[in-house]
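Breakdown of the fold
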Amino acid sequence: MKKIIIAFLMLFLNQNYLMAQRQMEDLDRGLIAIKKENGDVFVSWRFFATDPDGLTFNIYRKPSDGTAIKLNKKPLDGATNFTDSTAEASVENTWYVTSISGGKEIREKGDFSIPANSEAKEYISLPLKTIEGYRPNDVSVGDLNGDGQYEIVVHQTGRGHDNSQTGLTDTPILQAYKLDGTLLWQINLGKNIREGAHYTQFMVYDLNGDGIAEVACKTADGTVDGIGHIIGDKDKDWRDLDQNSRTYGKVLKGPEYFTVFSGKTGAALATTDYLPPRGDIGAWGGRGGNGGNDNTGNRVDRFTACVAYLDGKHPSVVMGRGYYGRTVLAAWDFRNGELSSRWVFDSKNGENPYSGMGNHNLSVADVDSDGKDEIIFGSMVVDDDGSGLYTTGFRHGDALHVSDLDPERPGLEVFGIHEIENGTKGPGVALYAAEDGKVLFTASHNRDVGRGVAGNIDPDHKGAEMWWSGSPNLYDIKGNVIGQAPRATNFLIWWDGDATRELLNRNYIEKYGKGRIFTAEGASSNNGSKATPALSADILGDWREELILRSDDNKELRIYSTTIPTNLRQYTFMQDPQYRLSVAWQNVGYNQPPHTSFYFGTDMQSVPKPDIEIIKQQQSNSQNSSKTQ
């Protein structure tokens, strides 16, 4: 009888656990108004996953010298965008929306103003306080002050070096801005953190459920937080300063820390030892190809990071080290102002099947439909409890895409490319089932493939299309050649009004089969030949994605938002947990575009709504105090 009762309780607890709602930020409507060349103003705003399907809206314009005017004749029950062709350019106007529910009209949070006689431009200008010799690089977003709007965290980069190179670098700097250009704080990570694409992965997310995002990253002696406090020993310099050394400029000695900073102030809230420690820098090798050991800090200092709902409800931050050989992922919880270790996954040496299976990037998704997230890391998947779920054995690569790429097949799929180097063998391209690693498609055998993309870009075919460098062909998700591959093998973006995705490369957007549809004049991409945006994500307006680029002179960020009308009503992608987490990890390593947990494209069915809990801002001591373990 006792065993029956215990079994019943376990079943009951498990069922309730699986029904846990994921904590999500409390956003406003994110209304944006963009003035077009012909004088019209395109206005769009968010529809929420938590909104009733039949919710309708009214759109208002309020001139600075008059009363508000309702612009629509009847309540808007379709897509959440509107073109205002009656605004006077000579006055300042403010647009806002109201929702209509149960016969009541409710003024929604979030409005947008355009000054009188302002220039028509398809972007918001966010002026920066860029330090001389620096340029804005990767960007992330989070609600840093609980006002329902996203703020911007910018990684400002000076002189940097890849892990394979010697030389001194400038110190990495993180800055936080409001969308109007107000600088909230600045964190200088110090000389003991090296600058480069593989070192500073910064996570911006509400980690403790108080309604305000934190910022988490690797720190070291001499890191200066947003209120001027110094982490560790400010006088220590752990860099190799011997110009004749094979490790000149690298930081391969001294303590390493992991810190969570306040989104409001940039103050260090909790600091602990970074896991894993570097240990023996010559013991980070592993299986095959580039998995060999080195003593120059190339393999030991390859870092990754992500945020995942490992318990199905609360976000945890995961910090990684290594992928060519030994790979370690360390999961942390930030609760009540303190960091606690949840688990550590360690592939250890070349005898372990997970050794050498990591990527230059990663993804997070619930691959086994248990309500909890897994970390998809190239050719392997780590389960929510920190155990290895499976590995395909195909080794590491530069690009990774995880979504419901094949809507005719249950579950998610993983598409990736692989470096076939130093005599190793295997597919340069692979598609596999996310839940168990079953291989669905392979190509480019025994070839090192540098880039690859999967996404629905062709409206004539259902499901994602696949293409990669070195191949002239575009493939459907079943592996059939259906056309010519796009020229660009880089990012994706939802920009125009249909459900298919567009091609984002450098500072322009193309429609497959139709050519260029948008160019961001005077703006530049980041990361050299990778040509990636500062960020691409649905951070404003309706479900289409914004494109954030730096200006050519590095003095501003430009947030581009589409002015193309759409008839599709879709809740903001930022309330799909997998997509939201994709935006958090987008800055990691070789940046990749975000993907949804569901199929969105040609002949799509109804989009499932997420099981989420909107977290209102709370008063939390953790935002006002600093704790160190």
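In this text the structure is predicted, and so the values were computed from the model without any measurement.

Okay, the overall build of the protein next. Each helix and strand in the protein was counted, giving two helices and 45 strands. If you line up the protein on its principal axes, its C-alpha atoms span 70 × 65 × 55 Å. Residues classed as buried in the protein amount to 63% of the 629 residues present. Put simply, of all contacts in the protein between residues at least 6 apart along the chain, 60% involve residues at least 24 apart. Here the protein has roughly 23,400 Å² of accessible surface; of this, 47% comes from carbon and sulfur atoms.

Attention now moves to the pattern of salt bridges. This structure, assessed with the given rule, holds 37 salt bridges. As a salt-bridge pair, Asp-162 and Arg-302 come within 3.5 Å of each other at their nearest N and O atoms. With Asp-162 in the loop between β11 (151-157) and β12 (173-177) and Arg-302 in the loop between β19 (268-273) and β20 (303-308), the pair connects residues that are 140 residues apart, well separated along the chain. Put simply, Asp-333 and Arg-342 hold a salt bridge, and the shortest N to O gap is 3.1 Å. Its relative accessible area of 10% is what places Asp-333 among the buried residues. When salt bridges that share partners are traced, they join Lys-218, Glu-256, Arg-278, Asp-301 and Arg-321 into one network.

This part covers the domain arrangement of the protein. Along its sequence, the protein is carved into domain 1 (22-121) and domain 2 (132-274). The interface is formed by seven residues belonging to domain 1 together with seven residues belonging to domain 2. Together domain 1 and domain 2 conceal approximately 600 Å² of surface at their shared face, both sides included; 41% is due to carbon and sulfur atoms. At the junction of domain 1 with domain 2, the criterion picks out zero salt bridges. Here domain 1 and domain 2 share two residue pairs in polar contact (both at pLDDT 80 or more) between them. The residue inventory of the side of domain 1 that touches domain 2, partitioned by class, reads two nonpolar, one polar and four charged.

So, about the environment of Ser-379. Within the secondary structure, Ser-379 sits in the loop between β25 (374-377) and β26 (380-382). By relative accessible area, which is 0% here, Ser-379 ends up buried. Considered as a pair, Ser-379 and Leu-412 are 33 residues apart in the sequence and their alpha carbons are 15 Å apart.

To continue, consider the confidence of the model for the protein. Summarising the model, the protein shows a mean pLDDT of 94, and 95% of its residues fall at 70 or more. A low-confidence stretch, residues 1-18 (pLDDT under 50), is modelled with five contacts involving residues beyond four sequence positions or located in other chains. Throughout residues 619-629 the model reports pLDDT below 50, and contacts reaching past four residues in sequence, or to other chains, amount to 31 contacts.

What follows deals with the sheet that holds strand β5 (residues 69-70). Two strands in a sheet stick together by hydrogen bonds in their backbones, pointing the same way (parallel) or opposite ways (antiparallel). Sheet architecture is open: four strands sit in the order β5-β4-β7-β8, paired in antiparallel fashion. Strands with a single pairing partner mark the edges of an open sheet, and in this sheet they are β5 and β8 (104-114). The sheet contact formed by strand β4 (residues 56-63) and strand β7 (residues 93-101) spans eight bridges and is antiparallel. Residue pairing in the sheet places Pro-63 in a bridge with Asn-93 of β7.

Our focus in this paragraph is the sheet that holds strand β39 (residues 515-519). Pairing is antiparallel across the open sheet formed by four strands, whose spatial order is β36-β37-β38-β39. Each having just a single partner strand, β36 (491-493) and β39 make up the two edges of the open sheet. Taking the axes of each pair of neighbouring strands and ignoring which way they run, one obtains an average angle of 35 degrees across the sheet. Relative to strand β38 (residues 508-511), strand β37 (residues 502-505) runs antiparallel, the two sharing three bridges.

Time to look at the UniProt feature "domain: Rhamnogalacturonan I lyase beta-sheet" (unreviewed entry) in the protein. According to UniProt, the feature "domain: Rhamnogalacturonan I lyase beta-sheet" (unreviewed entry) maps to residues 22-108 in the numbering used here. Helix makes up 0% of residues 22-108 and strand 46%, whereas the separation of the span's terminal C-alpha atoms amounts to 24 Å.

Moving on, we come to helix α2 (residues 577-585). Most of α2 sits inside the fold, with nine of its nine residues counted as buried. The set of residues buried in α2 consists of Pro-577, Gln-578, Tyr-579, Arg-580, Leu-581, Ser-582, Val-583, Ala-584 and Trp-585.

Bringing the packing of aromatic side chains into the picture now. Inspection of every chain in the model, using the stated rule, returns 24 aromatic pairs. On the numbers, 5.1 Å between centres and 55 degrees between planes, the contact of Tyr-123 with Tyr-560 is tilted. Taken as a pair, Tyr-123 in strand β9 (residues 123-127) and Tyr-560 in strand β43 (residues 556-560) lie far apart in primary sequence, 437 residues in all. Note on accessibility: Tyr-123 and Tyr-560 belong to one class, buried. On the numbers, 5.7 Å between centres and 90 degrees between planes, the contact of Tyr-274 with Phe-303 is edge-to-face. Of this pair, Tyr-274 sits in the loop between β19 and β20 while Phe-303 sits in strand β20, placing them 29 residues apart in sequence. Across the pair, exposure class does not vary: Tyr-274 and Phe-303 are buried alike. Here a set of aromatic residues connected by ring pairs shows up, and it is made of Trp-494, Trp-543, Tyr-571, Phe-573, Tyr-579, Phe-598 and Phe-600. Its guanidinium or amino end placed over the ring of Trp-494, Arg-501 lies 3.8 Å from that ring's centre, counting from NZ or CZ. Positioned above the aromatic ring of Tyr-590 is the side chain of Lys-530, whose terminal nitrogen or guanidinium carbon lies 3.9 Å from the ring centre.

The rules we used
- Residues numbered from 1 in each chain as written.
- Predicted model: local features only at pLDDT ≥ 70, side-chain atom pairs only at ≥ 80, totals over all residues.
- Heavy atoms only, no water.
- Helix = DSSP H or I, 4+ residues; strand = E, 2+ residues; numbered from the N terminus.
- Buried < 20%, exposed > 50% of the residue type's maximum accessible area, 1.4 Å probe, protein only.
- Contact = heavy atoms within 4.5 Å.
- Areas by Shrake-Rupley, 256 points an atom, 1.4 Å probe, with all protein chains shown as cover.
- Salt bridge = Lys/Arg side-chain N within 4 Å of Asp/Glu carboxyl O.
- Domains from an automatic or database assignment.
- Buried area = accessible area lost by both parts, 1.4 Å probe.
- Polar contact = N/O pair within 3.5 Å; in protein donor to acceptor, adjacent residues only side chain to side chain.
- Nonpolar A, V, L, I, M, F, W, Y, C, P; charged D, E, K, R; others polar.
- pLDDT = per-residue confidence, 0-100.
- Pairing = 2+ DSSP bridges.
- Axes fitted to C-alpha atoms, helices over the stretch in contact; angles between N-to-C directions.
- UniProt positions renumbered as here; feature names shortened; annotations may be inferred.
- Phe/Tyr/Trp six-rings, centres within 6.5 Å; stacked < 30°, edge-to-face > 60°.
- Lys NZ or Arg CZ within 6 Å of the ring centre and 35° of its normal.

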